[in-house]
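# Reading the structure
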Amino acid sequence: MSTKNTPATRHPATRHIVSINDLTDREIETVFDVAQSFLRELPDSHFPYRIGRSTKIASDCILASLFYEPSTRTRLSFESAMLRLGGETITSADPATSSAAKGESLADSVRVIANYADIMVIRHPRDGAVRLAAEYSPIPVINGGDGSHEHPTQTLCDLFLLKKKNKRLKNLKVAISGDLRGSRTIHSFVYALARFGATIMPMAAKGMELPPHVDQRLREEFRCQMVSGKADGKGDGDAIDALYVTPEEPHQQSLFAASELETNADAVGKKVDAVYVTRFQKERWADKEQSYPKIDRKFLSEPKYSDASVMHPLPRVGELDAAFDVDRRAVYFEQAAYGVPVRMALIALLLGLKGKSLHKFTGGFERPKYPLYDQPRPIGIRCANKNCIVHDPMETQYVRNKFYVVKTQSEAECKLRCAYCECDIEDFVVASRKNKWFAADPAALVRADDQHFKDLIVFAKAAEAAEAGFHSRRAAAEPKPARRATSKG
Amino acid sequence: MSTKNTPATRHPATRHIVSINDLTDREIETVFDVAQSFLRELPDSHFPYRIGRSTKIASDCILASLFYEPSTRTRLSFESAMLRLGGETITSADPATSSAAKGESLADSVRVIANYADIMVIRHPRDGAVRLAAEYSPIPVINGGDGSHEHPTQTLCDLFLLKKKNKRLKNLKVAISGDLRGSRTIHSFVYALARFGATIMPMAAKGMELPPHVDQRLREEFRCQMVSGKADGKGDGDAIDALYVTPEEPHQQSLFAASELETNADAVGKKVDAVYVTRFQKERWADKEQSYPKIDRKFLSEPKYSDASVMHPLPRVGELDAAFDVDRRAVYFEQAAYGVPVRMALIALLLGLKGKSLHKFTGGFERPKYPLYDQPRPIGIRCANKNCIVHDPMETQYVRNKFYVVKTQSEAECKLRCAYCECDIEDFVVASRKNKWFAADPAALVRADDQHFKDLIVFAKAAEAAEAGFHSRRAAAEPKPARRATSKG
Amino acid sequence: MSTKNTPATRHPATRHIVSINDLTDREIETVFDVAQSFLRELPDSHFPYRIGRSTKIASDCILASLFYEPSTRTRLSFESAMLRLGGETITSADPATSSAAKGESLADSVRVIANYADIMVIRHPRDGAVRLAAEYSPIPVINGGDGSHEHPTQTLCDLFLLKKKNKRLKNLKVAISGDLRGSRTIHSFVYALARFGATIMPMAAKGMELPPHVDQRLREEFRCQMVSGKADGKGDGDAIDALYVTPEEPHQQSLFAASELETNADAVGKKVDAVYVTRFQKERWADKEQSYPKIDRKFLSEPKYSDASVMHPLPRVGELDAAFDVDRRAVYFEQAAYGVPVRMALIALLLGLKGKSLHKFTGGFERPKYPLYDQPRPIGIRCANKNCIVHDPMETQYVRNKFYVVKTQSEAECKLRCAYCECDIEDFVVASRKNKWFAADPAALVRADDQHFKDLIVFAKAAEAAEAGFHSRRAAAEPKPARRATSKG
């Protein structure tokens, strides 16, 4: 039996899809090529999109569905996809009837269920939960939605629909409406849009704007430029509040440099290629009775929407008028139909059943390789997002305080990004174990060489560092502590 | 993508089984022929009825189970049937862990899940819910029980048992005991019995008689004659309360005409072929502690029951004595065993896997073709049954005010039958959009030609019509409204 | 249709696995041989144990999972096992969405579901529930855990792990820690250990010692000898509280005879082969906040544990430190991995798919053939265990007062063992129907020949016998009752 249970090193060859950014652009295109090969387009004009069980290539394989939150379409479309591939499924769809009801950690559940299946899809109410699961799993783990973090396979379906409708993925203009804060679907979607050079028009419900860490990441990592204020009048003349404009080749490994970008004035007035509507994620908000934008035929009667595909990840609960269903721009049921071939493709590639395998790609979005700050709990700073998996009492023994050190504007500044939920922390103090001092100097993490980096420990506040026995670097340079000791003695 | 989402026209070729009356007599016989071919009768004298996986004919097909109410036997027997056919299943068995928990409408759920499967079985707490689902589904939908409306596949199992035991379906005498009001199983069953010329002996628990709309439909559409009072003394001399006697060829398209029928005196004294026991449907009654008839060996000791098959759709909760299980007349577990081959047959025929296909039959019970009154909500009269799917808040945007105009005794009278739950409304007022009058004249719907029929709108009460701006036809002919206006002016 | 529904006689050829003692030692070895043939040991050093779908031998078979209590690993590993065999599964995992929610008895559910599947696994909160289910099932039933009674397939996995680690099953020394009272896993495990001649070191949490009936059965039926007090000093010198030492050939059909055994002094000081940790079964205890032993690296640092396999049936909830996972002695995830091949083997053998079949073995552990006292309810004594299935209101009509008459120390004494939950009753009174007397004379059951045995009826207390119209044998011989009658007259 393995004695190496340390997550990070245990199963280096296994690929997991937790974030849409775990896939490179080229991999996404590969998923779509394979999905197209599984798509059976029927001649029936009434319902032209369906797929048959085109293959038995997964006939020796089992998919485990592990859902800690309600789901119908994600779970059933994954299971349908596995069955259409010729495989089988085992399902735990209700946390109340699973071992989680007995208090078992996700980390343990994953390690056990990995013995029963060949691939696993997980949904969980906590942000970053599926990243934790992936750390412990020897078989591929797919994120079926984790808290408000990401929902990458929904984004794959969305992109596939956009590609079918527009014959391209590059340089689209997409409006996104509703709860941009709570919707994990939106978070995966905007990263992907930015990577393919889209112009993103946020139309958030009040107080439900994109979360700061997503907004900043769009600007910094994906090189989006924010354009606010009035439109240029060339289009329909509407006032716009804001627009993310991405250059055509956004995701170089170079860092954000605003001055390098020119405002793409065309983007402002351009017609909208797609309107993406999302429901109010009641389960993630305390105030259940907020006002919420409603998209209907009247809203969509503006000329700029005349050719827009109207998309929705579903379920909808009133924010998208059912009377619109008969409009030619209503593509949400077609969008849902692509769930099966796209997920068939992803499963087949993760299991290496199609000649090609995602395992052979170099792995993940070609994002900057940030240094990893990694400390066992309960030492030092913890993720500030209260819904992050690191704060789940059942996972206490299985999570670590892990953050990517992300450089910001200048090379001399940085912030911490939680390795699980990807929320950022900008203010913190850095301490040296060896020297016993601390300082409100985030950039110390950037300046340190490998040797010093391991010596550093981060605290949320000066008071915490002090309580842990560290001295302020400034204070340490003064003789006060010694004096105090003397005066007391 | 289809731009024609209007339910009625979208998928004209798809057959759904929502009511037992969606199958013709000939189709029912075909289902039984196919079911017999799937039945493996084992030589083991201890448990002679079982089926093997006789075929792989459905090996490319997926059944979706969509259950919004508790079920074990219906769901598991459908799934077992699909697996025995070589197919696969996907299951949503708990509304609390499905997208319904997020507030999704059935109409949306069905349109999405139709992309994941080839055929669907639905159970729902609302009467008529599965008719709504079928309107939106491009794949065949089978009713696994909807509210107190119908449960047609249970009836198929029941009829199959009756045919095996009696070597015929025609002219049986069947007693039905218990909750005849709340039991959807009973409703489907009595329609089928009447269609095959049965004599039906209702033995309802107090206050749980057949619902008025079922009773009337038996008499009118299925030409049952009600015989009440004392029996003729030829049998065991018992007093009888009521008996539905059906002529041998009941379901002509001609209407009810009591005078044409002669009382079948033989039916009264004849021995009972089957006693059908049902449980108290606690979940559908406010008063959970009603008295309820109990069927046991003593009850069944009367000579007229000496050869009766004792049937029960199960589960039972005390109304059928377990001590009776060892009696040779106890056939309820055999009845349950037929669930698999009968459902295998229905699935195979709906999918066209057996050479023949239900799609090729002319469709449905050869019932009268009633005109359809169809108005979008919220205009005019609504179904009076509060448990009808049209009153489900989640379906508001997806249902219409749809009623069949059913002629009654004389050709000049009619009532409205809800197209979803099949409950009737007899009193209503009819208004003319063009002329702006209304009148308490239901027969106006019958008298109108096609052109005028489209002009008519129905209200539940005169007050509602008046509120909507219509004038009483009589009042309109008088000068009063004008006078009032004048006096005010 | 069968008219012989009497459980005991209905399906004599069907084998069920309710207790680990339903398998002989030879059968257990056969299960392991077959399991080994299903085990695919991968060369990957990171995760060496996994199985592929090695076969299609069950391709015509369906497994029904019937779970009335939460489960993930047991249910999913059974389902994975069936799928790896090429079979299919149907699942009822949530009592709230099954017919049990409508009040259906287990006895009825089993008889219905037996028509849908070829083999069934059941979990239930009541002790002995699966024995009741097996009585009514024509297809093989496997116990997936019933109350605090047994969990035999977990024990098979545990033994398989022990055999893999120690290259033998005989004469192991195993420490068992935690909730020995509530853990059904422990109960099956200690019986099996004793049968294979193990030395068992109980380390119970306070108040959670082995239940008296398990303790006594170890001593009497499995000939364990209890050694208490200080260890002999040869080992690490620790104080020991108690130790069950079993002779090498423990389960002869001869009865317990303490004097025949010599204390195996070596057993006391011997190194421990395995430490078996169990979680606090909160759901079975009223006081949820008990103190509970925690096993961690410090505890396991004692020399006697230096080569011990540390086992856990999982889930764990804190009693086994996650930091220990990287220790080479941590084998619990490997233990879990064996769940699939072991269950594959058991299913294959019960269905006769491997040439050999458990049906052909002589059946069960070669335990003493105790006489069966069997009375319909509500006559006479009932099981004293309030969680026994006989006390479930839904099963009232389906259970009987059934007890094995187990001889104790001397041939002239006996106790009653419930045929369902296997708890014992030692004090009771025996009455004669014919003679109308009763006496506090348990041994009367042992002395009676077959003819008299049928005449006897047992009551829990003299008062109950008297109330039922029996006279005390002593009193009956005296003239007092007559006198009383006289004085009153």
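Residues numbered from 1 in each chain as written. Chains lettered and ligands numbered in written order. Predicted model: local features only at pLDDT ≥ 70, side-chain atom pairs only at ≥ 80, totals over all residues. Heavy atoms only, no water.

All names here are of chain A. When cut into domains, chain A gives domain 1 (20–149 + 338–350), domain 2 (153–332) and domain 3 (372–477). Computed from C-alpha atoms alone, the centre-to-centre distance between domain 1 and domain 3 is 34 Å. Taken residue by residue, the interface counts 20 residues in domain 1 and 17 residues in domain 3. Buried surface at the junction of domain 1 and domain 3, summed over both partners, amounts to about 1,400 Å²; 46% is from carbon and sulfur atoms. Its largest share of buried area at the contact with domain 3, domain 1 owes to Arg126, Asp127 and Leu132, together 41% of the area lost on that side. (Domains from an automatic or database assignment. Contact = heavy atoms within 4.5 Å. Buried area = accessible area lost by both parts, 1.4 Å probe.)

Residues and elements named next belong to chain A. It is at 8 Å that the axes of helix α3 (residues 73–84) and helix α11 (residues 339–350) come closest, and there the two elements cross at 60°. In the crossing of α3 with α11, the sense of the turn from one axis to the other is right-handed. Facing α3, whose interface residues are Thr74, Ser77, Phe78, Ser80, Ala81, Met82 and Arg84, α11 presents Gly339, Val340, Arg343, Met344 and Ile347. Each residue belonging to the contact of α3 with α11 can be placed in one class, and the counts come to six nonpolar, four polar and two charged. (Axes fitted to C-alpha atoms, helices over the stretch in contact; angles between N-to-C directions. Helix = DSSP H or I, 4+ residues; strand = E, 2+ residues; numbered from the N terminus. Left-handed = near helix turned anticlockwise from the far one by under 90°. Nonpolar A, V, L, I, M, F, W, Y, C, P; charged D, E, K, R; others polar.)

Moving on to the sheet that holds strand β15 (residues 414–418) of chain A. Residue and element names in this part refer to chain A. Pairing is antiparallel in the open sheet, where four strands are placed in the order β13-β14-β15-β16. Across the chains shown, the open sheet's two edge strands, defined by having one partner strand only, are β13 (372–376) and β16 (424–425). Of the pairings in the sheet, the one linking strand β14 (residues 400–407) to β15 comprises five bridges and is antiparallel in character. Directly across from Phe403, in β15, lies its bridge partner Cys418. (Pairing = 2+ DSSP bridges.)

All names here are of chain A. For the coordinates displayed, the defined rule picks out 92 salt bridges over all chains. With its nearest N and O atoms 3.4 Å apart, the salt bridge here joins Glu79 to Arg75. Taken together, the residues Glu79 and Arg75, both in helix α3 and four residues apart, mark about one turn of the helix. Between Lys415 and Glu426 there is a salt bridge; the shortest N-O distance is 4.0 Å. (Salt bridge = Lys/Arg side-chain N within 4 Å of Asp/Glu carboxyl O.)

Here we come to the packing of aromatic side chains. Each aromatic ring pair is summarised here by two numbers: the centre-to-centre distance and the angle between the ring planes. Per the stated rule, a full pass over the model turns up 27 aromatic pairs over all chains. Both rings, one in Tyr373 of chain B and one in Phe403 of chain B, keep their centres 6.4 Å apart while their planes meet at 40°; by these two values the pair is tilted. In this pair, Tyr373 of chain B is assigned in strand β13 (residues 372–376) and Phe403 of chain B in strand β14 (residues 400–407), connecting sequence segments 30 residues apart. Judged by centre distance (4.4 Å) and plane angle (35°), the ring pair of Phe189 of chain C and Tyr276 of chain C falls under tilted. One end of the pair, Phe189 of chain C, is in helix α7 (residues 184–195); the other, Tyr276 of chain C, is in strand β11 (residues 274–277), and 87 residues separate them in sequence. In this pair, the class of Phe189 of chain C matches that of Tyr276 of chain C, namely buried. An aromatic cluster is defined as three or more aromatic residues linked by ring pairs; in this entry it consists of Phe32, Phe160 and Tyr338 of chain A. Sitting over the face of the ring of Tyr191 of chain A, Arg217 of chain A holds its NZ or CZ atom 4.8 Å from the ring centroid. (Phe/Tyr/Trp six-rings, centres within 6.5 Å; stacked < 30°, edge-to-face > 60°. Buried < 20%, exposed > 50% of the residue type's maximum accessible area, 1.4 Å probe, protein only. Lys NZ or Arg CZ within 6 Å of the ring centre and 35° of its normal.)

Turning next to the pairing of strand β17 (residues 429–432) of chain B. All names here are of chain B. Burial of the side chains of β17 extends over both faces: Val429 and Ala431 are buried on one face and Val430 and Ser432 on the other. In this structure, β17 lies alongside strand β19 (residues 456–459), joined through four bridges in antiparallel fashion. In the sheet register, Ala431 faces β19, and the bridge partner there is Ile457. Pairing of β17 with strand β18 (residues 437–439), which is carried by two bridges, proceeds in the antiparallel orientation. Within β18, the residue paired with Val430 across the bridge is Ala439.

Let us look at the sheet that holds strand β20 (residues 471–472) of chain B. Residues and elements named next belong to chain B. Overall, mixed pairing links the four strands, which are arranged β19-β17-β18-β20 in an open sheet. Edge positions in the open sheet fall to β19 and β20, since each of these has one partner strand only. By the bridge criterion, two bridges tie β18 to β20 in an arrangement that is parallel. From the neighbouring strand, Phe438 faces β20, where its bridge partner is Ser472.

Here the focus is empty space enclosed by the protein. In this structure, the largest cavity encloses a volume near 550 Å³. Put simply, the parts of the chain that give the lining of the largest cavity at least two residues each are α3 and β4 (88–92) of chain A, α3 (73–84) and β4 (88–92) of chain B together with α3 (73–84) and β4 (88–92) of chain C. The class makeup of the residues in the lining of the largest cavity is nine nonpolar, twelve polar and twelve charged. (1 Å grid on protein atoms, 1.4 Å probe; cavity = no way out; pocket = protein on both sides within 12 Å on 5 of 7 lines; lining within 4 Å. Points joined across faces, edges and corners; volume = space filled by probe spheres on them.)

With the rule as written, the count across this model stands at zero disulfides over all chains. The thiol of Cys418 of chain A is unpaired, and the distance to the nearest cysteine sulfur, on Cys388 of chain A, comes to 3.8 Å. (Disulfide = S-S within 2.5 Å.)

Bringing helix α2 (residues 25–38) of chain A into the picture now. Residue and element names in this part refer to chain A. Here α2 is 14 residues long and its end C-alpha atoms lie 20 Å apart, about the 20 Å a rise of 1.5 Å per residue gives. Within α2, the full set of buried residues consists of Asp25, Glu27, Ile28, Thr30, Val31, Phe32, Val34, Ala35 and Phe38. In this structure, the buried side of α2 is in contact with β1 (40–41), α6 (152–166), α7 (184–195) and α11. (Expected span 1.5 Å × (residues − 1).)

On to the side chain of Asn143 of chain B, then. Residue and element names in this part refer to chain B. With respect to the helices and strands, Asn143 occurs in strand β6 (residues 141–146). For Asn143, a relative accessible area of 0% translates into the label buried. A polar side-chain atom of Asn143 sits 2.8 Å from the main-chain carbonyl oxygen of Val18. In terms of polar contacts, Asn143 uses its side chain to reach the backbone amide nitrogen of Gly145, at 2.6 Å. Once residues within four sequence positions are removed from consideration, Asn143 is found in contact with Ile17, Val18, Ile122, Val130, His149, Glu150, His151, Pro152 and Thr153. (Polar contact = N/O pair within 3.5 Å; in protein donor to acceptor, adjacent residues only side chain to side chain.)

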